[in-house]
Number of protein chains: 2
Amino acid sequence: MTTINKNYLKLQGNYLFAEVARRVRAYKEENPKANVISLGIGDVTRPLAPAVIEALHKAVDEMADAATFRGYGPEQGYAFLREAIVNTIYKPRKAEVAADEIFVSDGAKSDCGNLQEIFGTDNTIAITDPVYPVYLDTNVMAGRTGFFDEATGMFDKVVYMPCTAENDFLPQIPQKHVDIIYLCCPNNPTGTTLSRVQLKAWVDYAKKEKAIILYDAAYAYYITEEDVPHTIFEIEGARDVAIEFRSFSKTAGFTGMRCGYTVVPKTVFGMTPDGTKKSLNEMWNRRHTTKFNGTAYIIQRAAEAVLTEKGQQQIKETIAYYMNNAKVIRQGLSDMGMKYYGGVNAPYIWLRTPEGMSSWEFFDKLLHEADIVGTPGSGFGPSGEGYFRLTAFGDAKATVEAVERMKTRLKL
Amino acid sequence: MTTINKNYLKLQGNYLFAEVARRVRAYKEENPKANVISLGIGDVTRPLAPAVIEALHKAVDEMADAATFRGYGPEQGYAFLREAIVNTIYKPRKAEVAADEIFVSDGAKSDCGNLQEIFGTDNTIAITDPVYPVYLDTNVMAGRTGFFDEATGMFDKVVYMPCTAENDFLPQIPQKHVDIIYLCCPNNPTGTTLSRVQLKAWVDYAKKEKAIILYDAAYAYYITEEDVPHTIFEIEGARDVAIEFRSFSKTAGFTGMRCGYTVVPKTVFGMTPDGTKKSLNEMWNRRHTTKFNGTAYIIQRAAEAVLTEKGQQQIKETIAYYMNNAKVIRQGLSDMGMKYYGGVNAPYIWLRTPEGMSSWEFFDKLLHEADIVGTPGSGFGPSGEGYFRLTAFGDAKATVEAVERMKTRLKL
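Residues numbered from 1 in each chain as written. Chains lettered and ligands numbered in written order. Predicted model: local features only at pLDDT ≥ 70, side-chain atom pairs only at ≥ 80, totals over all residues. Heavy atoms only, no water.

In this section: the packing of aromatic side chains. Aromatic ring pairs are described here by two measures, namely the spacing of the ring centres and the angle between the planes. For the structure on display, the rule yields 42 aromatic pairs over all chains. Plain terms: the ring middles of A:Phe362 and A:Phe388 are 4.9 Å apart, the flat faces sit at 85 degrees to each other, and that makes the pair edge-to-face. Here A:Phe362 is found in helix α11 (residues 359-370), whereas its partner A:Phe388 is found in strand β17 (residues 387-391), with 26 residues between them in sequence. There is no split in this pair, since A:Phe362 and A:Phe388 are both buried. Every member of this aromatic cluster is reached through a ring pair, and the members are A:Tyr219, A:Tyr222, A:Tyr321, A:Tyr322, A:Tyr348 and A:Phe393. Lying across the ring of B:Phe80, B:Arg301 places its NZ or CZ 3.7 Å from the centre. (Phe/Tyr/Trp six-rings, centres within 6.5 Å; stacked < 30°, edge-to-face > 60°. Helix = DSSP H or I, 4+ residues; strand = E, 2+ residues; numbered from the N terminus. Buried < 20%, exposed > 50% of the residue type's maximum accessible area, 1.4 Å probe, protein only. Lys NZ or Arg CZ within 6 Å of the ring centre and 35° of its normal.)

As structure tokens, then:
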């Protein structure tokens, strides 16, 4: 009989957001009149920017005429978009990235999940704890994580870097050698960041250990403080050790549009079994051209519109709207005397559950007492236990209402 | 140093269409005035159907308003599309497929490439020869193919099923056990098909051997003859052994839109190391929800429009346009006294190269003497040597012109 990929059997439980959705569905079935407000999954709620809508209509019309119709495009993305990314995202930060180092995709989740496949299964990965589950789960599927230890809630071949209030949510550089390091900054789920100096220490470590940093900068547009790098390629030496994931999802409300990109510098290499260097740009190009067929033309035109002057102004207004929600949530939590982190350079607020409750206990409490959905911290890793994530992506009025409910209805 | 996935080193040469593009680019640089007509890569040229354009504009407007904006959708696809697929594609053929057995994606190429990962690397795969390169290359990347033998042009752990004029392009059922069988019907590149009885024999073999058939039906809408199944689920027993790939690309001109889907019946299973059965529907669902984040909402609305009565009528007119091109090409080749196959139930014509020329020799001859691009058969596998693929996806006038040039300019 055809055998399955046995690594899948090591995957733990359901995908976090699926379990959240299941509990919310069950609650709504039991309480059909409940007006549930979600500050849970990190999905945006504001409409697309007018410049994007305009570009979409125009591109759709092009598809209606044989003279301007577009079929297969380059798997790596159209030149117009790759060049706009260079000019709008990287050049202003003096980060050296060339258009042919950019691979446009259907989103950063796909790229974060698929990129690991160009590496050997013998590499040791390091992840922060808590962490965006996709990094870990996709390495489990590939057989890179060893066995799961029920007692610790950890895989035995993975190096976990705890990020808690005790260390200011700063991942500590491992004492032992690792090959692949996942960093997300601004961080999902904790909403915290690394400074330039802190990120430089990681680049230096990777150079010394000949390791690769997989850097997820999906939330870069939410940075408000000066000392936080917007891209790892602002850091000297990063081009030799880093690959960067970027997304239009949180940047421009593209969660339902599906467009992201990954930067693989031509100066970053892996090693073949005989010890020779192999370009990771070439490898990812091969993967991308063989298992992917490009992002829809109309979606790429929409992404291009995001990168125009008008588009940039419009998306920044929307981001300001969300960051005002973050401020409202932070103020509310302060008023309640709760401990929380993040929400300054990221749309996530990471709060300490009160009275030593577990993350899922607090999830159920918040849902049942206040009709509010959040995300249990333990879903992001063992060190997320006792924490809880709220997001700033909701409607402004609903966010104010949610904070009011927390203040008045939660029995603490 | 971080190691690479060493299986990538076994990949042979460049991806076929990249090499074709390279040679065409070089020819155009040398001959800037040449009016090159492509009957090569299988890309469509007709604009999207009016019903699709209308649906796109409507969906774009929804994205402009917070009340109707859509963020993340279900990774598996919206219910409206999955149900439309059941009702328009499967029910009329009395093929039992449920909406939750359908996984909407960004295209059949991605699905054909990614699906193999839910299987163990110890399975033996069988592919037709010639074959759509993605089936083989993605198994090479996974380490399922053993080593490449330069002498035969084959991987030692793959079972190749030659399809040539000598056996009417019918893959022969293997004499030995195989675990996974890739079938494409109507076939890319040969343009030939299996009858119901012939496909039933494959389903029976798979049941007997407890094997899985991965059935690529991307060209089903091009079938004109009565006895050719439009889906493998028309065949009794297929629900126990088959997974089907489908695409809107050639069906509705979506090559630049990126939408396809895969049907994984809940009745098809793989085996775990301890010998228990594992649902492949569950496994693919886990893969799809972890490494993919759904197809864009507006694209799914466009796909839904394809499946309406009006959409169906409009796309069938476009398919008739392409199939008339196929007729023109077939007539021209007949007039030239050349041997060819296909073009009746598929948009591909598979011709025998004249005078024992190799496929690439004929490619260069056609390009240099007649300014026409086709696809060398040998790019699809060793048994494709001595054959050549022409496609019917061109502009009607350009196709007539191309046939005229072949007749008058080719020095045979």
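What relates the pair of chain copies is a rotation about an axis plus a shift along that axis. Mapping chain A onto chain B calls for a screw motion: a turn of 180 degrees about the axis and a shift of 0.0 Å along it, with 0.0 Å RMSD after fitting. With respect to symmetry, the two chain copies, as superposed, fit the operation of a two-fold axis. Across chain A, the smallest distance between a C-alpha and the rotation axis is recorded for A:His57, namely 3.1 Å. Most of the interface of chain A is mirrored in chain B: 100% of its interface residues are interface residues there too. (Least-squares fit on C-alpha atoms with pLDDT ≥ 70 in both. Contact = heavy atoms within 4.5 Å.)

The step from A:Cys185 to A:Pro186 runs through a cis peptide bond, and the omega angle for that step is -5 degrees. As for its position among the elements, A:Pro186 is in the loop between β7 (180-184) and α6 (196-209). Going from B:Asp129 to B:Pro130, the amide bond is cis rather than trans, its omega being 5 degrees. By the secondary structure assignment, B:Pro130 is in the loop between β3 (125-129) and α5 (133-142). Here the phi dihedral of B:Lys210 falls at roughly 50 degrees; this positive angle occurs in a residue that is not glycine. Tracing the backbone through its elements, the reader meets B:Lys210 in the loop between α6 (196-209) and β8 (212-216). A relative accessible area of 52% places B:Lys210 in the exposed class.

All names here are of chain B. Counted residue by residue, strand β17 (residues 387-391) has 5 buried out of 5 residues, so it is predominantly covered. Across the two faces of β17 the burial is the same, with Tyr387, Arg389 and Thr391 and Phe388 and Leu390 all buried. Pairing between strand β14 (residues 348-352) and β17: 5 bridges, direction antiparallel. Along β17, the bridge assignment pairs Ile349 with Leu390. Pairing between strand β16 (residues 375-376) and β17: 2 bridges, direction antiparallel. Looking across to β17, one finds that Thr375 is bridged to Arg389. (Pairing = 2+ DSSP bridges.)

Bringing α6(A) into the picture now. Residues and elements named next belong to chain A. For α6, built from 14 residues, the straight-helix expectation of 20 Å at 1.5 Å per residue is met to within 8% by its first-to-last C-alpha distance of 20 Å. Three or more residues of α6 are buried, namely Leu199, Trp202, Val203, Tyr205, Ala206 and Glu209. Viewed end-on, α6 has its buried residues packed into an arc of 160 degrees, placing them on one side of the element. Across α6 from its buried face, at more than 90 degrees, point the exposed residues Val197 and Lys208. (Expected span 1.5 Å × (residues − 1). Arc of directions from axis to C-beta.)

Residues and elements named next belong to chain B. In this fold, Arg82 is placed in helix α3 (residues 79-90). It is Asp100 that comes nearest to the buried, bridge-free Arg82 among opposite-charge side chains, at 6.1 Å. Of the polar contacts made by the side chain of Arg82, one reaches the backbone oxygen of Ile102; its length is 2.8 Å. Not counting residues within four places of it along the chain, the set of residues in contact with Arg82 comprises Gln76, Gly77, Ala99, Asp100, Ile102 and Val104. (Lys, Arg positive; Asp, Glu negative; His and termini not counted. Salt bridge = Lys/Arg side-chain N within 4 Å of Asp/Glu carboxyl O. Polar contact = N/O pair within 3.5 Å; in protein donor to acceptor, adjacent residues only side chain to side chain.)

Put plainly, two cysteines are in a disulfide when a covalent bond ties their sulfur atoms together. All names here are of chain A. Scanning all chains against the criterion turns up 0 disulfides over all chains. Cys163 carries a free sulfur, and the closest cysteine sulfur to it, the one in Cys184, is 11 Å from it. The class of Cys163 is buried, set by a relative accessible area of 5%. Cys185 provides the cysteine sulfur closest to Cys184, a residue in no disulfide bond, and the two sulfurs are 7.5 Å apart. Cys184 sits in the buried class, given a relative accessible area of 9%. (Disulfide = S-S within 2.5 Å.)

Another aspect to go through is the side chain of B:Asn139. Mapped onto the elements, B:Asn139 comes out in helix α5. Once residues within four sequence positions are removed from consideration, B:Asn139 is found in contact with B:Gln116, B:Ile125, B:Arg144, B:Thr145 and B:Tyr182.

Another point: the nonpolar core. Counting residues in hydrophobic clusters, the biggest one holds 222 residues, and the most contacted among them are A:Phe254, A:Ile298, B:Phe254 and B:Ile298. Residues contacting A:Phe254, with those up to four places away along its chain left out, are A:Leu48, A:Val52, A:Phe248, A:Ser249, A:Cys259, A:Ile299, A:Ala302, A:Ala303 and A:Val306. Among the nonpolar cores identified, the runner-up in size contains 64 residues, and B:Ile118, B:Ile180, B:Ile212 and B:Leu280 belong to it. (Core = buried A, V, L, I, M, F, W, Y, C linked by side-chain atoms within 4.5 Å.)

Attention shifts here to the environment of A:Leu367. Residue and element names in this part refer to chain A. Relative to the assigned elements, Leu367 resides in helix α11. Leu367 sits 97 residues away from Gly270 along the chain, and the two C-alpha atoms are 47 Å apart. Setting aside anything within four residues of it in sequence, one finds Leu367 in contact with Arg23, Val24, Tyr27, Val36, Ile372 and Val373.

What follows is about the pattern of salt bridges. Charged atoms that come close allow side chains of opposite charge to pair. All names here are of chain A. Overall, the coordinates contain 48 salt bridges over all chains when judged by the stated rule. Its salt-bridge partner being Arg352, residue Glu166 comes within 3.6 Å of it at the nearest N-O pair. In this pair, Glu166 is assigned in the loop between β6 (159-162) and β7 and Arg352 in strand β14 (residues 348-352), connecting sequence segments 186 residues apart. Between Glu369 and Lys365 there is a salt bridge, with its nearest N and O atoms 3.1 Å apart. Note that Glu369 and Lys365 are positioned in helix α11 at a spacing of 4 residues, about one turn of the helix. This pair shows no difference in class: Glu369 is buried, exactly as Lys365 is. Residues joined by salt bridges that share partners form a network here, namely Glu19, Arg22, Arg23 and Asp364.

All names here are of chain B. Most of β8 is tucked away: 5 of the 5 residues are buried. Going residue by residue along β8, you find Ile212, Leu214 and Asp216 tucked away on one face and Ile213 and Tyr215 tucked away on the opposite face as well. Bridging between strand β7 (residues 180-184) and β8 involves 5 bridges; their strand directions are parallel. Bridging from a neighbouring strand, Ile180 pairs with Ile212 of β8.

What follows concerns the interface of chain A and chain B. Note: interface size is frequently given as the accessible area lost on complex formation between the parts. Taken together, the contacts link 84 residues of chain A with 84 residues of chain B. Here chain A meets chain B over a buried area of about 7,000 Å², counting both sides, of which 61% is carbon and sulfur. The interface formed by chain A and chain B includes 4 salt bridges. B:Lys109 serves as the salt-bridge partner of A:Glu75, at 3.3 Å between the closest nitrogen and oxygen. The interface formed by chain A and chain B includes 46 residue pairs in polar contact (both at pLDDT 80 or more). Listing elements by their share of the side of chain A that touches chain B, those giving two or more residues are α2 (50-62), α4 (108-115), α5 (133-142), β11 (269-271), β12 (277-279), α8 (280-291) and α9 (297-306) of chain A. Broken down by element, the residue count for the side of chain A that touches chain B peaks at 7 residues, all from α8(A). Tallied by class, residues from the side of chain A that touches chain B come to 36 nonpolar, 27 polar and 21 charged. (Buried area = accessible area lost by both parts, 1.4 Å probe. Nonpolar A, V, L, I, M, F, W, Y, C, P; charged D, E, K, R; others polar.)

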